Amino acid sequence: MKVFTPDAVAEAASNKYLGVLVAAKYARELNALPLESSPYGANKLTTVAAEALTSGEKKLQYRLVRTRSSFTR
């Protein structure tokens, strides 16, 4: 099992919390793919997502989108 340190995740994203959220959403997208055509084999999808985020090759790109609040002041 590969271990991803908070420093490695924070280096890939602006902070470690955002990095974990991005990797989790990517793993969820990978989970939606058909299982028989998955190129990842026996690897866990969370490990694949964290690897894509922390690799220096920029395999995973993301952008932050501001949402409007439900009430205005």
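See the structure shown above.
K.L.:
How should the overall build of the protein be read in this particular structure?
P.N.:
Tallying secondary structure elements over the protein gives three helices and zero strands in all. In terms of overall dimensions, the protein has C-alpha extents of about 50 × 30 × 20 Å along its principal axes. Per-residue burial for the protein yields a buried fraction of 19% across its 73 residues. Expressed as a percentage of contacts within the protein between residues at least 6 apart in sequence, the contacts between residues at least 24 apart total 52%. In the structure as shown, the protein presents an accessible area of about 6,500 Å², 53% of it carried by carbon and sulfur atoms.

K.L.:
Any chance you could explain the packing of helix α2 (residues 16–31) against helix α3 (residues 45–54) here in plain terms?
P.N.:
Between two packed helices, both the angle of their axes relative to each other and the distance between the axes serve to describe the pair. The geometry of α2 relative to α3 is characterised by a closest axis approach of 8 Å and an angle of 130° between their N-to-C directions. In terms of orientation, α2 lies oblique with respect to α3. Where α2 crosses over α3, the two elements pack in a sense that is right-handed. Across the interface between the two elements, Gly19, Val22, Ala23, Tyr26, Ala27, Leu30 and Asn31 of α2 pack against Leu45, Thr46, Val48, Ala49, Ala50, Ala52 and Leu53 of α3.

So, how was this worked out
- Residues numbered from 1 in each chain as written.
- Predicted model: local features only at pLDDT ≥ 70, side-chain atom pairs only at ≥ 80, totals over all residues.
- Heavy atoms only, no water.
- Helix = DSSP H or I, 4+ residues; strand = E, 2+ residues; numbered from the N terminus.
- Buried < 20%, exposed > 50% of the residue type's maximum accessible area, 1.4 Å probe, protein only.
- Contact = heavy atoms within 4.5 Å.
- Areas by Shrake-Rupley, 256 points an atom, 1.4 Å probe, with all protein chains shown as cover.
- Axes fitted to C-alpha atoms, helices over the stretch in contact; angles between N-to-C directions.
- Parallel < 35°, antiparallel > 145°, perpendicular 65-115°, else oblique.
- Left-handed = near helix turned anticlockwise from the far one by under 90°.

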